[in-house]
Amino acid sequence: MKTNRPHIFLIKIMFFALLISGIPLPNTFQLVSPFWVLLFYIYWTIYFPAHGVFFLALIFGILLDILQGSLLGQNALALIISTAFIVNVKQSVYVSNISTQQVYMFIAGSIYLVLFLLTHILIQGLDFSWTILLAPLTTALFWPAIKFILSKLKH
Amino acid sequence: MKHLKLFIPIIVSIFLILSDYKFSYLDNLRQFTSTLISPIYFLVNLPSQLYIWIDEQGTNKQVLLNQNKKLNSELMELKVKLQPFNSLILENSKLSKLLESSYSIDSPEFTLAKITSISQSRLKKQLIINKGSKNNVKVGQVVFGADGIVGQVTNTTPFYSTIILISDPTHYIPVKNERNGVRGIGKGKASNSNTIIVNYVESKLDVLLGDIFISSSIDSKFPHGYPVGKVIHVEKQTNNPFLDIVLEPTQNTNNIEFILILKQDNEN
């Protein structure tokens, strides 16, 4: 895969991320499954210098909202703000070892979850399964595997 | 400029959230994009469809013959059970004519569909079926399983439709107790277990464990009298004027393969 075309690479990996997000899982697994789109997008944000990261986050967030039947903009808002956090600490993430990167992923996942649930709570009230709170942890745990696979694809 | 690049997408997404929640201006955009990304549903289900196909190819002829025999006998049994029901319908229509009543029992038409995947969202309980707008499936149509109401169609693409389950926390259904007609509003419970809570049933009313709640005709969307759930928990709370009732849906969606979509649009 050619890395001199970052947007083509992004479309390919995000298609794959949306595909994984659409895989039907039992309810509990679905709740604790990592934020795949966030993980793939963060990888691209860190390792590819490109413009319009927030606008692209909006587009992929909307696609995820439609795929999952969520409120339009719910995943988009969470993805944009989590990406903003990663963009701010990009240099630090880039040079960190894998465990420190996992801490950053946990924080990004937590921001994503807080915003996702905030929208949900504002509209539907405090009515959700608490198992979902484990999702940032699984997001952090899956980061090494995602990083390894995508770095292989990059080359 | 740097902040503007961040704030514009944030404002757009907040605008989308508000407009999607309050209004239906974005339904066409959602419909169009759903159609565009519907190949993802196909790809996601490809492995399971392939497994089913291989499994079907390997099925023994004798097994198929036995299955056919069993299904035929079941069909015959159901037809016999239906005979008194047919005469009751006739009797009912005669009585309605005599009383000059406009009440009549509907003879509903259904579309059969196969479930392709279950729940791919964190906070929504929904499933995807292999019939879409090309098969005249429309948003709002009610979906049934062999044992009761499954849910309602929420989104359609030409080849796929999304169904929200009655156990989803955003889904409401008017229900009544089959035994004594006690009415309430059923709402999905946000938990890992697929359960429904019944709201607004006064604590002095009679609801017992094992009672069956059926759809009520108060709401025009749902046809009257189809099973919704069985009471698995009922509790009188001291500081609450209403009973705490939990139902287990009569239709188990974990092992369901086919569903029926009610063709008529009860939207009047």
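This structure is a prediction, so every number in the text was calculated from the model and none was measured. (Residues numbered from 1 in each chain as written. Chains lettered and ligands numbered in written order. Predicted model: local features only at pLDDT ≥ 70, side-chain atom pairs only at ≥ 80, totals over all residues.)

**Quick notes on the overall build of chain A**
In step 1: The secondary structure content of chain A amounts to eight helices and zero strands.
In step 2: Starting at the N terminus and ending at the C terminus, chain A contains elements arranged as α-α-α-α-α-α-α-α.
In step 3: In terms of C-alpha radius of gyration, chain A reaches 15 Å, essentially the compact-globule figure of 15 Å for 155 residues.
In step 4: Over its C-alpha atoms, taken along the principal directions, chain A stretches across nearly 45 × 30 × 30 Å.
In step 5: Expressed as a percentage of its 155 residues, the buried residues of chain A come to 48%.
In step 6: Long-range pairs, those at least 24 residues apart, make up 70% of the contacts in chain A between residues at least 6 apart in sequence. (Helix = DSSP H or I, 4+ residues; strand = E, 2+ residues; numbered from the N terminus. Rg over C-alpha atoms; globule rule 2.2 N^0.38 Å. Buried ≥ 20, exposed ≤ 12 C-beta atoms within 10 Å, placed from the backbone. Contact = placed C-beta atoms within 7 Å.)

**Focus on the interface of chain B and chain A**
In step 1: Of the residues lining the interface, 37 residues belong to chain B; the matching set on chain A comes to 37 residues.
In step 2: Looking at the side of chain B that touches chain A, the elements that each hand over two or more residues are helix H1 (2–22), helix H2 (27–57), strand S1 (110–118) and strand S4 (148–156) of chain B.
In step 3: The element best represented in the side of chain B that touches chain A is H1(B), accounting for eleven residues.
In step 4: Of the residues in the side of chain B that touches chain A, the class split is 18 nonpolar, 14 polar and five charged. (Nonpolar A, V, L, I, M, F, W, Y, C, P; charged D, E, K, R; others polar.)

**Digging into unusual backbone geometry**
For residues other than glycine, phi is negative in most cases, and the peptide bonds are mostly trans.
All names here are of chain B.
In step 1: Although it is not a glycine, Asn-136 sits at a positive phi angle of roughly 65°.
In step 2: With respect to the element layout, Asn-136 can be found in the loop between strand S2 (126–129) and strand S3 (142–145).
In step 3: Asn-136 sits in the exposed class, given 12 other C-beta atoms within 10 Å.
In step 4: Positive phi outside glycine occurs at Tyr-200, with the angle close to 60°.
In step 5: By the secondary structure assignment, Tyr-200 is in the loop between strand S8 (196–199) and strand S9 (212–215).
In step 6: Judged by local crowding, Tyr-200 falls into the exposed class, with 10 C-beta atoms found within 10 Å.

**Some thoughts on the sheet that holds S8(B)**
In step 1: Strand order in this closed barrel of six strands is S6-S7-S8-S11-S10-S9 (chain B), and the pairing throughout is antiparallel. Here the average twist between neighbouring strands, direction ignored, is 40°. (Pairing = 2+ DSSP bridges. Axes fitted to C-alpha atoms, helices over the stretch in contact; angles between N-to-C directions.)

**Some details on the nonpolar core**
In step 1: A:Val37, A:Phe40, A:Tyr41, A:Leu79 and A:Tyr112 are the most contacted members of the largest nonpolar core, which totals 54 residues.
In step 2: Of all elements in the fold, only helix H1 (6–21), helix H3 (36–47), helix H4 (53–68), helix H5 (74–88), helix H7 (98–124) and helix H8 (135–154) of chain A together with H1 of chain B reach the threshold of two or more residues within this core.
In step 3: Element by element, the count of residues in this core is highest for H4(A), at eleven residues.
In step 4: Setting aside anything within four residues of it in sequence, one finds A:Tyr112 in contact with A:Phe35, A:Leu38, A:Ala78, A:Leu79 and A:Ser82. (Core = buried A, V, L, I, M, F, W, Y, C linked by C-beta atoms within 7 Å.)

**Thoughts on the pairing of S9(B)**
Residue and element names in this part refer to chain B.
In step 1: Judged from the three bridges that link them, strand S6 (residues 172–177) and S9 form a sheet pairing that is antiparallel. By the bridge assignment for S9, Asn-177 is matched with Phe-213.
In step 2: As judged from the three bridges shared by S9 and strand S10 (residues 227–235), these two strands associate in the antiparallel manner. Each bridged residue has a counterpart across the sheet, and for Phe-213 the counterpart in S10 is Gly-229.

**Considerations on the domain arrangement of chain B**
In step 1: In terms of domain boundaries, chain B breaks down into domain 1 (2–57) and domain 2 (172–249).
In step 2: The C-alpha-based centres of domain 1 of chain B and domain 2 of chain B are spaced at 33 Å. (Domains from an automatic or database assignment.)

**Here's the deal with the pairing of S10(B)**
In step 1: Of the pairings in the sheet, the one linking S10(B) to strand S11 (residues 244–249) of chain B comprises six bridges and is antiparallel in character. Residue pairing across strands places B:Glu235 opposite B:Asp244, the latter belonging to S11(B).

**Describing the packing of H1(A) against H4(A)**
Residue and element names in this part refer to chain A.
In step 1: Orientation of H1 relative to H4, taken along the N-to-C sense of each, is 25°, at an axis distance of 11 Å. Looking at the two axes, H1 sits roughly parallel to H4. In this structure, the crossing between H1 and H4 has a hand that is right-handed. Across the interface between the two elements, Met-14, Leu-18 and Ser-21 from H1 touch Phe-60, Leu-63, Leu-64 and Leu-67 from H4.
In step 2: Split by residue class, the contact of H1 with H4 holds six nonpolar, one polar and no charged. (Parallel < 35°, antiparallel > 145°, perpendicular 65-115°, else oblique. Left-handed = near helix turned anticlockwise from the far one by under 90°.)

**Things to note about H7(A)**
In step 1: In this model H7(A) runs 37 Å from its N-terminal to its C-terminal C-alpha over 27 residues, within 8% of the 39 Å that 1.5 Å per residue would give.
In step 2: Among the residues making up H7(A), those that are buried are A:Gln101, A:Tyr104, A:Met105, A:Ala108, A:Gly109, A:Ile111, A:Tyr112, A:Leu113, A:Leu115, A:Phe116, A:Thr119 and A:His120.
In step 3: Considering only its buried residues, H7(A) is in contact with H3, H5, helix H6 (90–95) and H8 of chain A together with H1 of chain B. (Expected span 1.5 Å × (residues − 1).)

**As for the packing of H7(A) against H8(A)**
All names here are of chain A.
In step 1: As a packed pair, H7 and H8 sit with axes 8 Å apart at the nearest point and diverge in direction by 145°. At the point where H7 passes H8, the crossing takes the right-handed sense. Residues Ile-98, Gln-101, Gln-102, Met-105, Phe-106, Gly-109, Ser-110 and Leu-113 of H7 form the contact with H8, whose own contacting residues are Ala-135, Pro-136, Leu-137, Thr-139, Ala-140, Trp-143 and Pro-144.
In step 2: Split by residue class, the contact of H7 with H8 holds ten nonpolar, five polar and no charged.

**Section: the environment of B:Leu46**
In step 1: Along the chain, B:Leu46 falls in helix H2.
In step 2: C-alpha of B:Leu46 to C-alpha of B:Thr116: the two residues are 70 residues apart in sequence and 9.6 Å apart in space.

**Regarding H4(A)**
An α-helix turns once every 3.6 residues. As a result, residues three or four positions apart point the same way.
Residue and element names in this part refer to chain A.
In step 1: Its 16 residues give H4 an end-to-end C-alpha distance of 22 Å, which sits within 8% of 22 Å, the value for a rise of 1.5 Å per residue.
In step 2: Summarising burial for H4: 14 of the 16 residues are buried, a large majority.
In step 3: The first or second residue beyond H4 is Gly-69, which carries a positive phi of 70°.

**A few points about the confidence of the model for chain B**
In step 1: Model confidence for chain B is summarised by a mean pLDDT of 84, while 93% of its residues fall at 70 or above.
In step 2: Confidence metrics for the complex model read pTM 0.79 and ipTM 0.89. (pLDDT = per-residue confidence, 0-100.)

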